[in-house]
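# Analysis of the macromolecular model
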Amino acid sequence: MQRPARIAPSLLAADCLRLGEELDEVKTADLVHLDVMDGHFVPNLTFGLDTLRAVKSATSLPVDVHLMISNPDEMVEKYLDAGADIVSFHYEATAHAHRLVSLIRDRGAKASIALNPATPVCLLEPIIDELDMVLIMTVNPGFGGQSFIESSMRKLRRLRRLCDEHGVNPHVEVDGGIHARNAQEVAAAGANILVAGSSVFGAADRAAAIRAIRDAAEAGRRKIA
Ligand code: DX5
Ligand code: ZN
């Protein structure tokens, strides 16, 4: 089954003094991406549980929580309690990926593992059958507005081969440096959920920016249909 392209604006690039209005301006998107950074796993601090609760109360879109934290084992349950619809934790941050995936799915949320740029896709081999989504970081996590790392294209293709070998079809999310000019290429290589921070919130017309990225991604998806 071919999955349609979905766009997930990242609130990291939004004006945090006007989060409610910002959410309203991206209501034509498919998901809202919330970057949780702890100042330890990555050298930046962002949102936490209170922001997730506030975002949940202000949007009807599913909230895609990206945990860039050192202790997902301790924190995942709290983010589920606060309403996360999708939870991505980093492979690099836990020795218990399987336990966390089971916990997230048992609670009815979608489970996803995020891989840093230097972490190979083959590490997911033992667990790929259990995943609802894989998040391929296309920049080093920690900051918005960075440039897309080109070797991510190879990782996307490897991930697709791994999924084909296992006969599974998880969502594949790309995060970092995504804009309308590279959306077609990443979508053709297997990504179906595109996180976009600066390319959406840096645009005056957010709905138009979302549409442009989605149109490009859909063109890419058609290439592999
Ligand atoms: C980076 C975050 C991204 C970030 C992407 O660590 O995980 O979600 O917001 O920002 P852009 O789209 O500006 O690269
Ligand atoms: Zn993110």
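Residues numbered from 1 in each chain as written. Chains lettered and ligands numbered in written order. Predicted model: local features only at pLDDT ≥ 70, side-chain atom pairs only at ≥ 80, totals over all residues. Heavy atoms only, no water.

Residues Ile193 and Val195 point to one face of strand E8 (residues 193-196) and Leu194 and Ala196 to the other, with burial holding for every one of them. In this sheet, E8 lies alongside strand E1 (residues 6-9) in parallel orientation, the contact comprising four bridges. Looking at E8, one finds that Ile7 is bridged to Leu194. Of the pairings in the sheet, the one linking strand E7 (residues 171-175) to E8 comprises three bridges and is parallel in character. Pairing of Glu173 across the sheet is with Ile193, part of E8. Chirality of the crossover, the property in question, places the unit of E7, helix H6 (residues 183-188) and E8 among those that are right-handed. (Buried < 20%, exposed > 50% of the residue type's maximum accessible area, 1.4 Å probe, protein only. Helix = DSSP H or I, 4+ residues; strand = E, 2+ residues; numbered from the N terminus. Pairing = 2+ DSSP bridges. Right-handed = clockwise from strand over helix to strand, strands pointing away.)

This brings us to the site of ligand 1. The immediate surroundings of ligand 1 are formed by 20 residues, with Ser10, Gly142, Asp175, Gly197 and Ser198 found nearest. Between Asp175 and ligand 1, the recorded distance is 2.7 Å, taken from a side-chain N or O atom to an oxygen atom. At a separation of 2.8 Å, an oxygen atom of ligand 1 approaches a polar backbone atom of Gly197. Burial of ligand 1 by the protein chains amounts to 99% of its free accessible area of 380 Å². (Near = heavy atom within 4 Å. Polar contact = N/O pair within 3.5 Å; in protein donor to acceptor, adjacent residues only side chain to side chain. Areas by Shrake-Rupley, 256 points an atom, 1.4 Å probe, with all protein chains shown as cover.)

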